[in-house]
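Topology and contacts: notes
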There are 2 protein chains.
Amino acid sequence: MRIPLDRQSNVPLYQQIEAFLREGIMSGSLVPDTRLPAIRQLARDLGINRITVENAYAELEADGLICSRVGSGTYVLPSYQLAPPPPNGEGEAWPLWQQELAAQGRAHHEGLLSTEVLAGAGHPSTARAGAQGPELITFATGVGDSRLFPVEDLRKIIQNVMRRDGVGALVYGEPRGYGPLRATIAQVLASQGVSARPDNILITAGSQQAISLVTQVLLKPNDAILVEVPTYGGALALFEAANLKIVGIPVDEAGMRVDELEKLLQQHHPKLIYTIPNFHNPTGTCLTGQRRSRLITLADRYNVPILEDDFVGDFRYDGRAQPALKALDPGGRVIYVSTFSKMLMPGLRVGFLVADGPIYEELVYSKRFNDMTTSNLIQRSLESYVTVGRFEAHLRRSCQVYRKRRDAMLWAIRRYLPPGVQVNPPQGGLYIWARLPQGLSTDQLLPFAWEQGVTFAPGRAFFPTAQADSSYMRLNFAAQSPDDITEGIKRLGQAIAKLAAN
Amino acid sequence: MRIPLDRQSNVPLYQQIEAFLREGIMSGSLVPDTRLPAIRQLARDLGINRITVENAYAELEADGLICSRVGSGTYVLPSYQLAPPPPNGEGEAWPLWQQELAAQGRAHHEGLLSTEVLAGAGHPSTARAGAQGPELITFATGVGDSRLFPVEDLRKIIQNVMRRDGVGALVYGEPRGYGPLRATIAQVLASQGVSARPDNILITAGSQQAISLVTQVLLKPNDAILVEVPTYGGALALFEAANLKIVGIPVDEAGMRVDELEKLLQQHHPKLIYTIPNFHNPTGTCLTGQRRSRLITLADRYNVPILEDDFVGDFRYDGRAQPALKALDPGGRVIYVSTFSKMLMPGLRVGFLVADGPIYEELVYSKRFNDMTTSNLIQRSLESYVTVGRFEAHLRRSCQVYRKRRDAMLWAIRRYLPPGVQVNPPQGGLYIWARLPQGLSTDQLLPFAWEQGVTFAPGRAFFPTAQADSSYMRLNFAAQSPDDITEGIKRLGQAIAKLAAN
């Protein structure tokens, strides 16, 4: 234990030790049952006499804060009163730089606060309104149904990998990712029509990190970035925190309004186009083939890279599959990002990107100084789990389940929500994007929904802060059973009725 | 499979499919034994006639690129010649923005390329020189001895955690980290004399990410940052990539030359002081108690936050323990960073930071848009593994082993290296920092060392690019057995002799 001692002070050393330990115990940082260092050890560590430590311990023991058990050591006792959590240690002010930081009042985009992380985790703070009655049905989460996750398979595989690789699974791995996993991903991508070489794949901590790395490499503060509006809130949060100028392009039922693209490219000179062409988050729309070609042509003409976020590209339930933008890329124009979070398990935190050309090495370097490399053990386990066959089987099964749930939600919406609610039936993905009748706000709806025992992702989270629109909400149909979907939408209908009557 | 089709083209659809698959096979992205989609399935996906797909497959089969196995499907065959790796698809040039990126020739700091990651991973690219003869002995790595990692314990614990928590271990967790793990860390820190509340701890992907988050929150491009010179290369790489102005402060055998601090603070107005007070990387020095107090006083007077990197703070082999700067912090002045990478296993990628005051929530928010959260499964397993008692036992054991290795290396240096080599015996940590006699460069020494079958981390990796100094090298004494240390230093002596004679 490293206790700060002031040898110049008038306060005897034993009292300094005693005061330090007392404060730790009273503030709760030395929790009950913590074993204090042996007297001999602490004396040696601090370069002081044993008697000094003994005196300090004796004072604390006399005050009932610690006790020594013969042959076992000295332990912290439960204390009667814990100091209140310090807004600041001595009631002193925070240092000036902290006050300045607080005064800046940096905006935190709701895209991160309300949907992906909190809802997925069932974090207590999502339970901010009181749903005392029925169990809460959440349509807010960003991911699929965790009950479909192959937990047991993964458990066995992690065992096998640790037995097989031993310490090899626990040292730093290659910064760009475990080679065999990159090879597997190349195969999975090839089976989906995207041609990638393992050497152009970079493993990341989820697609969020992939987007972050691309942003760090390609954009500086005040650069413009072109995004669909609405779009994924986690990306918006990142772009706003990076002080980028966010240029929005509207979305209709056929995806990004590519007919408006050229004008925006000429006007704003964006340094990157961020797009979700398949089962767009949050609108669920899919970019048509013609628009895809046009998008690539224009991006090429205006010399703008495309970041393609294909987070659920293969969750298609009907309609015709469209090629990934990356598959249409004549070479080095498109950076492709995807993840295992939606397909398999978000808690693994493994995603990847595909990039050709000089940018690839810059991205790898950026990965290195961001966090070195992604957990070797998890990568090796995924590699052992994922094969093209298994991935496709999992995909087929998920699609069957999710298709039924989408249909159940569409049916329930027609049945239980007022006719003024607008919805575009999505051909795949995880979400239905719904608009309330004129004048109603999903921000205002949320507390009523909580009252009824249902929740959703408020639409505001998917707009840039400056263009916030509260008439929409995103409903995840994939994470609940058809029965819960029906019940949840029914509750939502009641909440809307209450809001309208309010 | 999503195959791009151009329905306006004169090329028949079956030929487009054939060409797409052929290119995939020839380029290696569709590897041998990949199963192609069933004809019926692909026809449905693409919205075309089955005959069209049959025709495409027939052409490929006739060319010996695929074969259909009755009742099993259609598979890619091994192909005779793979296309050479495309510098670019059609021999076409990279898009202009990529050419510009390449032309910028962004500097990659050696601190990341040569030490932590590559050496730790035994990455093939470290084997750039030919040590054909004896097996390579590496003193280059940044971590401890992987043979001491508790692999088998961890394997059992992951099992138990997955059985206990099921899918709960595989969904997103809290962004700031798994609560019980934060509580455990608070206890471990308390036992080391650092008072922290679980609510002020943020779990990160190793300490590298912790440093990255602090940098992102506190600094803008062109801001000044004050660092010891030399210092940890991974931090330098990060700071240089963020376009910070790096202000160096020298280090002597008592750590940072705090007597030079005030002048530098007045002159450069740094926005952050990054320091490694305990067993400094790479010099191994430990900041004296007086200098610690003075550092905190000055940082407070000039309103500069301190980032304390305590990556191996408790690997002390002799001398008196010094309090962490965080333990001396009157409140909100010091951000404390540490990691499980050095103590337990680097491949886990789990570190943490402690911050009080308004900055804490900014760091949590930054963690969210960087990569959401760190792997839930790994956090839960660590929580289950780490207790104060177990951590201290592991620490004691490691210290016993590493102390002997340090002594072995110091002995071998005196015995086998020329007397002109300068070394300060460290009281703890993992490294010995050695300086070659006047005029000799460790960059030039490296190929000779490889020839002899030994390697080290060249000193240049620990200096800002603008102040590179090649007279030093960092020798890791913790990762090799005493015998290998003796043999490795002997080889190093031979290499120095050869260089000197060259």
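Residues numbered from 1 in each chain as written. Chains lettered and ligands numbered in written order. Predicted model: local features only at pLDDT ≥ 70, side-chain atom pairs only at ≥ 80, totals over all residues.

Okay, helix α15 (residues 376–385) of chain A next. The buried count for α15 of chain A comes to ten of ten residues, which makes it a mostly enclosed element. All of the buried residues in α15 of chain A are N376, L377, I378, Q379, R380, S381, L382, E383, S384 and Y385 of chain A. (Buried ≥ 20, exposed ≤ 12 C-beta atoms within 10 Å, placed from the backbone. Helix = DSSP H or I, 4+ residues; strand = E, 2+ residues; numbered from the N terminus.)

All names here are of chain A. Taken together, the three strands give an open sheet; going across it, the order is β1-β3-β2, and neighbouring strands pair in antiparallel fashion. Strands with a single pairing partner mark the edges of an open sheet, and in this sheet they are β1 (35–36) and β2 (66–69). Relative to strand β3 (residues 73–76), β2 is paired through four bridges, and the arrangement is antiparallel. From the neighbouring strand, I66 faces β3, where its bridge partner is V76. (Pairing = 2+ DSSP bridges.)

This part covers the interface of chain B and chain A. Listed by partner, the interface residues are 107 residues for chain B and 106 residues for chain A. When residues of the side of chain B that touches chain A are assigned to their parent elements, the largest contribution, seven residues, is made by helix α14 (residues 359–371) of chain B. Looking at the side of chain B that touches chain A residue by residue, the class counts come to 51 nonpolar, 38 polar and 18 charged. (Contact = placed C-beta atoms within 7 Å. Nonpolar A, V, L, I, M, F, W, Y, C, P; charged D, E, K, R; others polar.)

The subject of this paragraph is the domain arrangement of chain A. Residues and elements named next belong to chain A. By the assigned domains, chain A splits into domain 1 (13–76), domain 2 (110–147 + 393–501) and domain 3 (150–390). Each of domain 2 and domain 3 was reduced to a C-alpha centroid, and the two centroids are 25 Å apart. Each side of the interface is counted separately: domain 2 has 33 residues, and domain 3 has 31 residues. Only α5 (110–113), α6 (116–121), α16 (388–416) and β14 (431–435) provide two or more residues apiece to the side of domain 2 that touches domain 3. The dominant element in the side of domain 2 that touches domain 3, judged by the number of residues it contributes, is α16, at eight residues. (Domains from an automatic or database assignment.)

Two copies of the chain are present, and they differ by a rotation about an axis and a shift along that axis. Superposing chain B onto chain A requires a rotation of 180° together with a translation of 0.0 Å along the rotation axis, leaving an RMSD of 0.1 Å. Both copies are brought into coincidence by an operation consistent with a two-fold rotation axis. Closest approach to the rotation axis among the C-alpha atoms of chain B is made by Q159 of chain B, whose C-alpha sits 3.7 Å away. (Least-squares fit on C-alpha atoms with pLDDT ≥ 70 in both.)

Attention now goes to the packing of helix α8 (residues 179–191) of chain A against α16 of chain A. Relative placement of two packed helices is described by the angle separating their axes and the distance separating the axes. Residues and elements named next belong to chain A. Their axes nearest at 9 Å, the elements α8 and α16 cross at an angle of 50°. The orientation of α8 relative to α16 falls into the category oblique. Of the two possible hands of crossing, α8 and α16 adopt the one that is right-handed. Together, Q187, V188 and S191 of α8 and V388, F391 and E392 of α16 make up the contact between the two elements. Along the lines of polarity and charge, the residues of the contact of α8 with α16 split into three nonpolar, two polar and one charged. (Axes fitted to C-alpha atoms, helices over the stretch in contact; angles between N-to-C directions. Parallel < 35°, antiparallel > 145°, perpendicular 65-115°, else oblique. Left-handed = near helix turned anticlockwise from the far one by under 90°.)

This part takes up the packing of helix α9 (residues 206–218) of chain A against helix α14 (residues 359–371) of chain A. Residues and elements named next belong to chain A. Direction vectors running N to C along α9 and α14 enclose 110°, while the axes themselves pass 9 Å from each other. Here α9 is positioned roughly perpendicular relative to α14, judged by the angle of their axes. Handedness of the crossing formed by α9 with α14: right-handed. Along the contact surface, α9 presents L213, V214, Q216 and V217, while α14 presents I359, E362, L363, S366, K367 and N370. Partitioning the contact of α9 with α14 into residue classes produces five nonpolar, three polar and two charged.

Attention now goes to the pairing of strand β11 (residues 334–339) of chain A. Residues and elements named next belong to chain A. Counted residue by residue, β11 has six buried out of six residues, so it is predominantly covered. The pairing of strand β10 (residues 306–309) with β11 spans four bridges and is parallel. Looking at β11, one finds that L307 is bridged to I335. One ladder, built from four bridges, connects β11 with strand β12 (residues 351–354); its direction is antiparallel. Residue pairing for β12: Y336 is matched across the bridge by V354.

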